[in-house]
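Now for the letters of each chain:
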Amino acid sequence: MGHLSALPGRAAVPTVSVPESARFKAACPDCRARSELAAAEFRLVIGATSRTTFYSFTCPDCAACVRRPAGERIVELLTDGGVRTLRLHTGS
């Protein structure tokens, strides 16, 4: 899984090796185009609930901003594939 690396004078930081070729299939609900997109073309947002956990991308055919809910399996696949992730924190 991940590796630990340490810089002089700093604590160990986990790193994950992600292939640059990670690609995902996506469909646009607006124009119905099916595309294969690189991990860099997605954004994943992980919130406190299923309503606030989603992924998004821009359709390469019609330029629509697409937002879809992301369940546990989708979150796992996207994070393992190197998709940039934003974790929302709530105050307790």
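Structure shown above.
These lines cover the structure that appears in this document, whether it is placed above or below.

Here we look at the sheet that holds strand β7 (residues 65-69)
Right, so step 1: Read across the open sheet, the 4 strands follow the order β7-β6-β5-β8; overall the sheet is mixed. Two strands in the sheet have a free side with no partner beyond their single neighbour: β7 and β8 (84-87). Neighbour to neighbour, the strand axes of the sheet diverge by 20 degrees on average, direction disregarded.
Right, so step 2: Across 5 bridges, the pairing between strand β6 (residues 54-58) and β7 is antiparallel. Looking at the pairing, Phe57 lines up with Val66 of β7.
Right, so step 3: Taken strand by strand, helix α1 (residues 72-80) contacts β5 (42-46), β6 and β8, and its axis lies near 130 degrees from that of β5.

A closer look at the side chain of Thr53
Right, so step 1: With respect to the element layout, Thr53 can be found in the loop between β5 and β6.
Right, so step 2: You can call Thr53 buried: its relative accessible area is 8%.
Right, so step 3: Reaching out from Thr53, the side chain makes a polar contact with the backbone nitrogen of Gly47 at a distance of 3.0 Å.
Right, so step 4: Sequence-distant contacts of Thr53, defined by excluding residues within four places in its chain, comprise Val45, Ile46, Gly47, Pro69, Ala70 and Val75.

What counts as what
Residues numbered from 1 in each chain as written. Predicted model: local features only at pLDDT ≥ 70, side-chain atom pairs only at ≥ 80, totals over all residues. Heavy atoms only, no water. Pairing = 2+ DSSP bridges. Helix = DSSP H or I, 4+ residues; strand = E, 2+ residues; numbered from the N terminus. Axes fitted to C-alpha atoms, helices over the stretch in contact; angles between N-to-C directions. Contact = heavy atoms within 4.5 Å. Buried < 20%, exposed > 50% of the residue type's maximum accessible area, 1.4 Å probe, protein only. Polar contact = N/O pair within 3.5 Å; in protein donor to acceptor, adjacent residues only side chain to side chain.

Fair warning: the whole summary comes from geometry, so function is off the table for now.
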